[in-house]
Amino acid sequence: DSGVTQTPKHLITATGQRVTLRCSPRSGDLSVYWYQQSLDQGLQFLIQYYNGEERAKGNILERFSAQQFPDLHSELNLSSLELGDSALYFCASSVGVDSSYNEQFFGPGTRLTVL
Amino acid sequence: AQSVTQLDSHVSVSEGTPVLLRCNYSSSYSPSLFWYVQHPNKGLQLLLKYTSAATLVKGINGFEAEFKKSETSFHLTKPSAHRRDAAEYFCVVSVKERTGGGNKLTFGTGTQLKVEL
């Protein structure tokens, strides 16, 4: 158990809908990262927040947005969902802002299915 | 831009024989390199990392990797495979963002390791 929690574990929804994925980092970790894992795209970094501020951005679509709250939990919002958004979404956390030196701990993931 | 190439999508070994998972990287800056493991239906776990210190890095569960700048490689090895090593392994490069101070992790496509009895 990494100490990172993600809810829900599974989510099934329809195209065009909007969903929110939630992540609670390990106690004491200030950075939160979001990743998408799909069969055709592999594992892709989406975005990083550190202490409430966006710090790095990857291949995140404009339909997707994230935020980190004062209690350090984070939410990933996915809107106007398409079939291709079906994937496993991971959250990770680390102590510092620089993950070159601070190990990232991954949550168990949220499996999103868009029908 | 940084990238990693995992040369084998599937590797099959017999239990008790050596494991070699190959990874080549490309980076404009001094990279940090990692190997992560993902067991079925689980999140990712860090095996080891290279951050410009010793070029031979030892990780958990008997794995190690050697950073070779001249070959731009970071291959993962283990002297003797065990059944529990069967999983997917990802080679990852991290480059610090110029602004913002954050990092982008770029993952390889993964190598599925099968360990046969």
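Here's a quick rundown of the structure. Just so it is clear, the structure is predicted and the values come from calculations on it, not from any experiment.

Let's shift gears to the state of the cysteines. Residues and elements named next belong to chain A. Per the counting criterion, the structure on display carries two disulfides over all chains. What pairs with Cys23 in a disulfide is Cys91, and their sulfur atoms sit 1.8 Å apart. Looking down the S-S bond of the Cys23 and Cys91 bridge, the torsion is -50°, so its handedness is left-handed. Residue Cys23 is located in strand S3 (residues 19–24), and its partner Cys91 is located in strand S9 (residues 87–94); the two are separated by 68 residues in the primary sequence.

The next thing to look at is the pairing of strand S9 (residues 73–78) of chain B. Residues and elements named next belong to chain B. The pairing of strand S3 (residues 19–21) with S9 spans three bridges and is antiparallel. Pairing of Leu21 across the sheet is with Leu76, part of S9. By the bridge criterion, five bridges tie strand S8 (residues 64–68) to S9 in an arrangement that is antiparallel. Across the sheet, residue Glu64 finds its bridge partner in S9, namely Thr77. Between the antiparallel neighbours S8 and S9 lie four residues, among them Thr72 with a positive phi of about 45°.

Once that is clear, we can look at the nonpolar core. Counting residues in each nonpolar core, the largest one holds 27 residues, and the members touching the most others are Trp35, Leu48, Leu76 and Tyr89 of chain B. In terms of residue count, the dominant contributor to this core is strand S10 (residues 87–96) of chain B (five residues). Excluding residues that lie within four positions of it along the chain, Tyr89 of chain B makes contacts with Gln6, Leu21, Trp35, Tyr36, Val37, Leu47, Phe63, Leu76, Gly110, Thr111 and Leu113 of chain B. Formed by 21 residues, the second largest nonpolar core is a distinct cluster that contains Leu11, Val19, Leu21 and Val114 of chain A.

Quick look at the packing of aromatic side chains now. Within this structure, the stated rule accounts for 13 aromatic pairs over all chains. With a centroid separation of 5.4 Å and 75° between ring planes, the pair formed by Phe106 of chain A and Tyr36 of chain B is classed as edge-to-face. Placement of Phe106 of chain A in strand S10 (residues 105–106) and of Tyr36 of chain B in strand S5 (residues 32–38) is noted, with the two residues assigned to different chains. Judged by relative accessible area, which is 3%, Phe106 of chain A ranks as buried. The buried category is assigned to Tyr36 of chain B, whose relative accessible area is 1%. Ring geometry for Tyr50 of chain B versus Phe67 of chain B: centroids 4.1 Å apart, planes at 15°, classification stacked. Of this pair, Tyr50 of chain B sits in strand S6 (residues 44–50) while Phe67 of chain B sits in strand S8, and the two are 17 residues apart along the sequence. Using a relative accessible area of 8% as the deciding quantity, one classes Tyr50 of chain B as buried. A relative accessible area of 9% places Phe67 of chain B in the buried class.

A word on the sheet that holds strand S7 (residues 64–68) of chain A. All names here are of chain A. Reading across the sheet, the four strands line up as S1-S3-S8-S7 and stay open at both edges, with antiparallel pairing between neighbours. Every interior strand has two partners, whereas the edge strands, strand S1 (5–7) and S7, have only one. Across the sheet, the axes of successive neighbouring strands diverge by a mean angle of 15°, strand direction being ignored. As paired elements, S7 and strand S8 (residues 74–78) share five bridges and run antiparallel to each other. Along S8, the bridge assignment pairs Phe64 with Leu78.

Here we come to the pattern of salt bridges. Following the criterion strictly, the structure yields eight salt bridges over all chains and no others. Of the charged contacts in the structure, one is a salt bridge between Arg55 of chain A and Glu53 of chain A, with a shortest N-O distance of 3.9 Å. On the accessibility criterion, Glu53 of chain A (49% relative accessible area) is partly exposed. The shortest N-O distance in the salt bridge between Glu116 of chain B and Lys114 of chain B comes to 3.9 Å. One salt-bridge network, held together by shared partners, links Arg63, Glu82 and Asp85 of chain A.

Parameters at a glance
Every chain's residues receive numbers from 1 upward, in the order its sequence appears when written. Here chains are named by letter from A upward and ligands by number from 1 upward, in the order in which they appear as written. Since the coordinates come from a predicted model, pLDDT governs what is reported: local features require at least 70, and pairs of side-chain atoms require 80 or more to be given and counted, while whole-chain, interface and lining totals use all residues. Note that the side-chain values use all heavy atoms of the structure and ignore hydrogens as well as water. Here, a disulfide means two cysteine sulfur atoms that sit within 2.5 Å of each other. Numbering of helices and strands runs from the N terminus, with a helix taken as a DSSP run of H or I at least four residues long and a strand as a DSSP run of E at least two residues long. One bridge is not enough; two strands pair if DSSP finds at least two bridges between them. In this description, a nonpolar core means a group of buried Ala, Val, Leu, Ile, Met, Phe, Trp, Tyr and Cys residues linked to one another through side-chain atoms lying within 4.5 Å. Any residue under 20% of the maximum accessible area for its type is buried, any over 50% is exposed, and the rest in between are partly exposed; the area is computed with a 1.4 Å probe on protein chains only. In this analysis, two residues are considered to be in contact whenever any of their non-hydrogen atoms come within 4.5 Å of each other. Ring geometry is summarised as follows: Phe, Tyr and Trp rings, the Trp one being its six-membered ring, pair when their centres sit within 6.5 Å, and such pairs are stacked at plane angles under 30 degrees, edge-to-face over 60 and tilted between the two. Fitted lines through C-alpha atoms serve as axes, helices being fitted only where they are in contact, and the angles separating the N-to-C directions of these axes extend from 0 to 180 degrees. Salt bridges are identified by distance alone: a Lys or Arg side-chain nitrogen within 4 Å of an Asp or Glu carboxyl oxygen.

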